[in-house]
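# Results of the structural survey
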Amino acid sequence: MDKIKETLHQLFDDFQNFEDKGQKATYIPELAHIDEDLFGVSLSCLDGMQISLGDATTPFSLQSISKVLSLVLAYNILGEDLWKRVDVEPSGDTFNSLILLELEMGIPRNPFINAGAIVVADILISHLKNPEEVFLKFIQELAQDTSIQYDLNIFHSEKSVAYRNYSLINLMKSFGNIHNDIDKVMDLYFMMCSVSITCQQLSKAFLFFANDGTHPLTQQQILIPSRNRRINAIMQLCGFYDEAGEFAYRVGLPGKSGVGGGIIAIHPGLYAVTVFSPKLNKKGNSTKGMAFLERLTSELNNSIF
Ligand code: GLN
């Protein structure tokens with residue numbers, strides 16, 4: 001533990017001079033307003049110990065990291081039948097690509113590209129009376145923090161420019177893989193992406209992935225161990241879109257990124273760590289976040305491989 005603490009502090013200092021060639025996301029107009037120099041890190045251990053540095057208590061937009069938690073809800077509802085609607089293969093394509101969807105008859109490659117998460121949102125609408133409320137309560141409970149909320153400015157902003165996401169859902173609807181009204185499904189998808197969260201809250205919320213599916217702080221079983229392993233496997237293979245190989249190679253942990261600048265990574269049996277830095281590389285992943293996690297697992301000489 002001392003070694004982790006020492007390393008995090010050392011790296012955090014080193015990264016003050018990091019030359020960041022990334023650019024913050026601007027395709028969602030509201031995201032363009034964020035201060036691009038924010039930089040936060042929070043690492044939670046299974047015993048509840050948390051090390052937080054920099055802007056770890058500044059909220060940012062959860063965006064695609066929400067796809068992991070919506071998947072947990074849908075997986076627990078449908079079990080293995082879920083995989084009839086969405087596959088578990090890396091896409092090798094951008095997060096909002098249409099190409100494979102046409103070739104593969106409206107079945108998304110995996111739940112962590114936009115098309116896959118939209119199918120997951122459709123499933124939640126089919127099975128839950130108030131999925132929006134269930135999703136928010138779920139995150140609040142995982143992070144043990146009821147201050148976590150949806151950000152309606154982000155929601156409306158994304159919705160106003162979501163031409164590509166609407167084309168994805170229309171294509172899937174034409175193949176019969178969307179069962180509900182498309183506007184209802186998209187609203188849930190945008191809402192889940194709009195959650196405003198801090199590094200501290202996020203590393204705590206994802207801790208159960210490092211503990212065989214049981215939240216170590218509440219002892220609540222969120223996923224049975226086999227499902228937990230499977231979601232970790234999907235994070236490893238698909239969590240960074242067409243850069244999943246690069247993340248596995250450089251960092252060596254399952255994880256998930258979002259265009260809000262957040263990255264969550266899991267070390268099964270040890271910790272969950274969040275890094276937040278808004279500037280993204282061309283694949284939509286935080287440049288500093290990836291570089292920081294690469295240094296972390298290198299210095300600790302410890303990845304899952
Ligand atoms: N809400 C964003 C979108 O649908 C999420 C993308 C992301 O974080 N990669 O485009």
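Above this text sits the structure in question.
Below is a short write-up of the structure. (Residues numbered from 1 in each chain as written. Predicted model: local features only at pLDDT ≥ 70, side-chain atom pairs only at ≥ 80, totals over all residues. Heavy atoms only, no water.)

Here we take up the overall build of the protein. What the protein contains, in helices and strands, is 12 helices and seven strands. Whereas a compact globule of 305 residues would reach a radius of gyration of roughly 19 Å, the protein reaches 18 Å, a difference of no more than 12%. Once the C-alpha set of the protein is aligned to its principal axes, its extents read approximately 55 × 40 × 35 Å. The buried share of the protein, taken over its 305 residues, is 57%. A separation threshold of at least 6 residues defines the contact pool for the protein, and within that pool the share at least 24 residues apart is 69%. In the form shown here, the protein has an accessible surface area of approximately 12300 Å², with 49% of it arising from carbon and sulfur atoms. One way to put it: in the protein the 25 positive side-chain charges average out to a point 3 Å from where the 35 negative ones average out. (Helix = DSSP H or I, 4+ residues; strand = E, 2+ residues; numbered from the N terminus. Rg over C-alpha atoms; globule rule 2.2 N^0.38 Å. Buried < 20%, exposed > 50% of the residue type's maximum accessible area, 1.4 Å probe, protein only. Contact = heavy atoms within 4.5 Å. Areas by Shrake-Rupley, 256 points an atom, 1.4 Å probe, with all protein chains shown as cover. Lys, Arg positive; Asp, Glu negative; His and termini not counted. Charge placed at Lys NZ, Arg CZ, Asp CG, Glu CD.)

Here the focus is the site of the ligand. Around the ligand, the structure places 13 residues, and the nearest of them are Tyr27, Gln63, Ser64, Glu158 and Tyr189. Contact between the ligand and tyrosine 27: an oxygen atom at 2.6 Å from a side-chain N or O atom of the residue. Contacts to the ligand include asparagine 165, whose side-chain N or O atom sits 2.9 Å from an oxygen atom. Its free accessible area being 300 Å², the ligand has 99% of it covered by the protein chains. Tallied by class, the residues present in the shell around the ligand amount to six nonpolar, five polar and two charged. (Near = heavy atom within 4 Å. Polar contact = N/O pair within 3.5 Å; in protein donor to acceptor, adjacent residues only side chain to side chain. Nonpolar A, V, L, I, M, F, W, Y, C, P; charged D, E, K, R; others polar.)

Buried within helix H6 (residues 152–160) are the following residues: Ile154, Phe155, Ser157 and Glu158. As for H6, its buried residues are in contact with strand S3 (60–61), helix H7 (163–174) and helix H8 (182–194). The backbone nitrogen of asparagine 153 has a side-chain oxygen 2.9 Å away, supplied by the residue at the start of H6, namely aspartate 151.

A word on the pattern of salt bridges. Under the defined criterion, the tally for this structure stands at 13 salt bridges. The shortest N-O distance in the salt bridge between arginine 109 and glutamate 104 comes to 2.7 Å. You can call glutamate 104 partly exposed: its relative accessible area is 27%. Connected via shared salt-bridge partners are Asp14, Arg295 and Glu299. (Salt bridge = Lys/Arg side-chain N within 4 Å of Asp/Glu carboxyl O.)

A few words now on the side chain of glutamate 243. Within the secondary structure, glutamate 243 sits in the loop between helix H10 (225–238) and helix H11 (244–250). Despite its burial, glutamate 243 pairs with no opposite charge; the closest candidate is arginine 250, at 5.2 Å N-O. Among residues more than four places away in sequence, those in contact with glutamate 243 are Asn281, Lys283, Asn285 and Met290.

Another point: the sheet that holds strand S1 (residues 40–45). The sheet built from five strands is open, its strands ordered S2-S1-S7-S6-S5 with antiparallel pairing. Each edge of the open sheet is held by one strand with a lone partner, namely strand S2 (50–54) and strand S5 (255–257). With direction set aside, neighbouring strand axes in the sheet form an average angle of 5°. Two elements, strand S6 (residues 262–267) and strand S7 (residues 271–276), share six bridges in a ladder whose sense is antiparallel. Bridge pairing in S7 links alanine 265 to valine 273. In this fold helix H1 (residues 2–14) packs onto S1, S2 and S7, with an angle of close to 10° to the strand it touches most, S2. (Pairing = 2+ DSSP bridges. Axes fitted to C-alpha atoms, helices over the stretch in contact; angles between N-to-C directions.)

Overall, the coordinates contain 14 aromatic pairs when judged by the stated rule. Ring geometry for tyrosine 27 versus phenylalanine 95: centroids 6.3 Å apart, planes at 40°, classification tilted. Highlighted residues: tyrosine 27 in the loop between H1 and S1 and phenylalanine 95 in the loop between helix H2 (66–78) and helix H3 (99–103), separated in sequence by 68 residues. Look at tyrosine 27 and you get partly exposed, because its relative accessible area is 39%. Classification of phenylalanine 95 as buried rests on a relative accessible area of 12%. Aromatic side chains tyrosine 166 and phenylalanine 190 sit 5.9 Å apart centroid to centroid with 65° between the ring planes, which places their arrangement in the edge-to-face category. Of the two residues, tyrosine 166 sits in helix H7 while phenylalanine 190 sits in helix H8, which places them 24 residues apart along the sequence. On the basis of relative accessibility, which here comes to 0%, the residue phenylalanine 190 falls in the buried class. (Phe/Tyr/Trp six-rings, centres within 6.5 Å; stacked < 30°, edge-to-face > 60°.)

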